[in-house]
Amino acid sequence: MRRLAIVQGEHAVVAEPGVVVSTLLGSCVAACLFDPVARVGGMNHFLLGEPGADQRVGASEMARYGVHAMELLINAMMQKGAVRGRLMAHLYGGANIVSGLGSIGSSNADFARRFMETEGIAVGHTDLGGTSARKIEFLPHEGRSRCVKVTDRVPERPPVPVHAPASGGDLELF
Amino acid sequence: MPAAAAIKVMVVDDQTSMRAMIRRALQDLGFKDVRDKPSAQEALAAVKSDRVHLIISDYNMPEMDGLQFLEAVRTDAVIGKTVFIMLTGSSDKEIVQKAAALGVNNYVVKPFAPAALKEKIERVFGELT
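Conventions we followed
Residues numbered from 1 in each chain as written. Chains lettered and ligands numbered in written order. Predicted model: local features only at pLDDT ≥ 70, side-chain atom pairs only at ≥ 80, totals over all residues. Heavy atoms only, no water. UniProt positions renumbered as here; feature names shortened; annotations may be inferred. Phe/Tyr/Trp six-rings, centres within 6.5 Å; stacked < 30°, edge-to-face > 60°. Helix = DSSP H or I, 4+ residues; strand = E, 2+ residues; numbered from the N terminus. Buried < 20%, exposed > 50% of the residue type's maximum accessible area, 1.4 Å probe, protein only. Lys NZ or Arg CZ within 6 Å of the ring centre and 35° of its normal. Core = buried A, V, L, I, M, F, W, Y, C linked by side-chain atoms within 4.5 Å. Contact = heavy atoms within 4.5 Å. Buried area = accessible area lost by both parts, 1.4 Å probe. Salt bridge = Lys/Arg side-chain N within 4 Å of Asp/Glu carboxyl O. Polar contact = N/O pair within 3.5 Å; in protein donor to acceptor, adjacent residues only side chain to side chain. Axes fitted to C-alpha atoms, helices over the stretch in contact; angles between N-to-C directions. Parallel < 35°, antiparallel > 145°, perpendicular 65-115°, else oblique. Left-handed = near helix turned anticlockwise from the far one by under 90°. Nonpolar A, V, L, I, M, F, W, Y, C, P; charged D, E, K, R; others polar.

Looking at an unreviewed UniProt entry, one finds chain B named Two-component system chemotaxis response regulator CheY, with Sphingomonas leidyi as its source organism.

Where an unreviewed UniProt entry is consulted, chain A appears under the name Probable chemoreceptor glutamine deamidase CheD, with the organism given as Sphingomonas leidyi. Looking at the Catalytic activity (unreviewed entry) heading of the UniProt record, one finds this comment for chain A: "L-glutaminyl-[protein] + H2O = L-glutamyl-[protein] + NH4(+)". UniProt, in the comment section headed Function (unreviewed entry), describes chain A in these words: "Probably deamidates glutamine residues to glutamate on methyl-accepting chemotaxis receptors (MCPs), playing an important role in chemotaxis."

Here it is as structure tokens:
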């Protein structure tokens, strides 16, 4: 079994058997998406900001980065043959364990649930919220996942854009 | 100097959340007539039957992608001169160059702030009042 570990801001997409994707979550959320027909799956790991607790990150900015993180994962899956209309999801994380960050975990979890609802993606397993860190293992080809609560301290970076450009591109053509 | 309210816009993206976000950003900028479609084929049919002034389209879409959509617009005798702004990923420089060759008016890299979208639209239409 080949193992692929991802960290905050990353995603991995797999279309072959015998691969497990894993990550360690605190306030972050991991969406495990899979197309059961094409047998393509992928996981991301993202942290949004929290409006109010961090004035640099507004609600619309949060959604912007969250939607982009999901789009990167879905586009990568579609490039390997997944079809948007067949996607299913398992959602994990969003714990409120980091002191000083308020309910940032809940904000992340709410975003993930709302996104799946808006996009019409059926959600299978969810283990969101609470106060414990989680270790997630996902078999993308099979669409199966496992979530274990852990006591490890999860290193978390402050909320950052998935990709930096906010000004709209650096290739001057116009 | 056109008022944003007078500009008819078609937003094309296969992700519902992205379309909703762009719609909101445009409405905040004063645009009143904003339509959206989840695919380039549907958008092409819609703008042929009811013309718009501005098309804002994602590049990365299944079946007909943003470049194919742009080409279909530019080669149409009726809607060929419609302003076309493409949404791309950060690593799509080659795509932007191809889009420029096909006659795209501007492009915006995702994830973008509403201010960046406004700036790109104003570079084509002039200041939005």
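A.B. asks: Which parts of the structure should I look at to understand the packing of aromatic side chains?
C.D. replies: Think of a pair of aromatic rings as described by two things: how far the centres are apart, and how the planes are tilted against each other in angle. Taken as a whole and judged by the stated rule, the model has four aromatic pairs over all chains. Taken together, a centroid distance of 6.4 Å and an interplanar angle of 55° make the contact between F34(A) and F138(A) tilted. Separated by 104 residues along the polypeptide, F34(A) in strand β4 (residues 29-35) and F138(A) in strand β8 (residues 133-139) bring together distant segments of the chain. Here F34(A) and F138(A) have matching classes, each one buried. Plain terms: the ring middles of F111(A) and F115(A) are 6.0 Å apart, the flat faces sit at 35° to each other, and that makes the pair tilted. Taken as a pair, F111(A) and F115(A) lie in helix α2 (residues 104-119) at a separation of four residues, close to a single helical turn. By relative accessible area, which is 5% here, F111(A) ends up buried. Look at F115(A) and you get buried, because its relative accessible area is 2%. Each residue in the set F46(A), F111(A) and F115(A) is aromatic and connected to the rest through ring pairs, giving one cluster. In this structure, R64(A) packs its charged tip against the face of Y65(A), placed 4.8 Å from the ring centre. For the cation-ring pair, K120(B) lies above Y107(B), with the distance from its terminal atom to the ring centre recorded as 4.5 Å.

A.B. asks: What exactly am I supposed to notice about the UniProt feature "modified residue: 4-aspartylphosphate" (unreviewed entry) in chain B here?
C.D. replies: The residues that UniProt annotates with the feature "modified residue: 4-aspartylphosphate" (unreviewed entry) are D58(B). Inspection of the secondary structure puts D58(B) in strand β3 (residues 54-58).

A.B. asks: It is not clear to me how the UniProt feature "domain: Response regulatory" (unreviewed entry) in chain B should be interpreted in this structure. Could you clarify?
C.D. replies: Taking the numbering used here, the UniProt-annotated feature "domain: Response regulatory" (unreviewed entry) corresponds to residues 8-125 of chain B. Taken end to end, residues 8-125 of chain B comprises 46% helix and 21% strand; its first and last C-alpha atoms sit 12 Å apart.

A.B. asks: Just to check I follow, could you spell out the nonpolar core for this structure?
C.D. replies: Considering soluble globular proteins, one finds that nonpolar side chains tend to be buried as a cluster. L33(A), L26(B), F31(B) and I121(B) are the most contacted members of the largest nonpolar core, which totals 53 residues. Looking at this core element by element, the count peaks at eleven residues for helix α1 (residues 59-79) of chain A. Non-local contacts of I121(B), meaning those with residues more than four positions away in its chain, are made with L26(B), F31(B), L54(B), I56(B), I85(B), G126(B) and L128(B). Within the second largest apolar cluster, 25 residues are counted, among which are A46(B), V52(B), L67(B) and V73(B).

A.B. asks: Got a minute to help me understand the interface of chain B and chain A in this structure?
C.D. replies: Many descriptions give the size of an interface as the accessible area lost when the pieces come together. With 29 residues of chain B at the interface, the matching set in chain A holds 26 residues. Surface buried jointly by chain B and chain A totals about 2,300 Å² across both partners, of which 56% is contributed by carbon and sulfur atoms. In this assembly, chain B and chain A are joined by two salt bridges. Between E71(A) and K110(B) there is a salt bridge whose closest N-O contact spans 2.5 Å. At the boundary of chain B with chain A, the tally comes to six residue pairs in polar contact (both at pLDDT 80 or more). Elements with a contribution of two residues or more to the side of chain B that touches chain A: α1 (16-28), α4 (93-102), β5 (106-109) and α5 (114-125) of chain B.

A.B. asks: Sorry, what's going on with the packing of helix α2 (residues 40-49) of chain B against helix α3 (residues 66-74) of chain B here?
C.D. replies: A pair of packed helices is captured by two measures, namely the crossing angle of their axes and the spacing between those axes. Residues and elements named next belong to chain B. Running from N to C, α2 and α3 cross one another at 20°; their axes reach a closest spacing of 10 Å. Overall, the two elements α2 and α3 adopt an arrangement that is roughly parallel. Between α2 and α3 lies a crossing whose hand is right-handed. For the pair formed by α2 and α3, the contact residues are A40, A43 and L44 on the first element and F69, A72 and V73 on the second. A class-by-class count of the residues in the contact of α2 with α3 yields six nonpolar, no polar and no charged.

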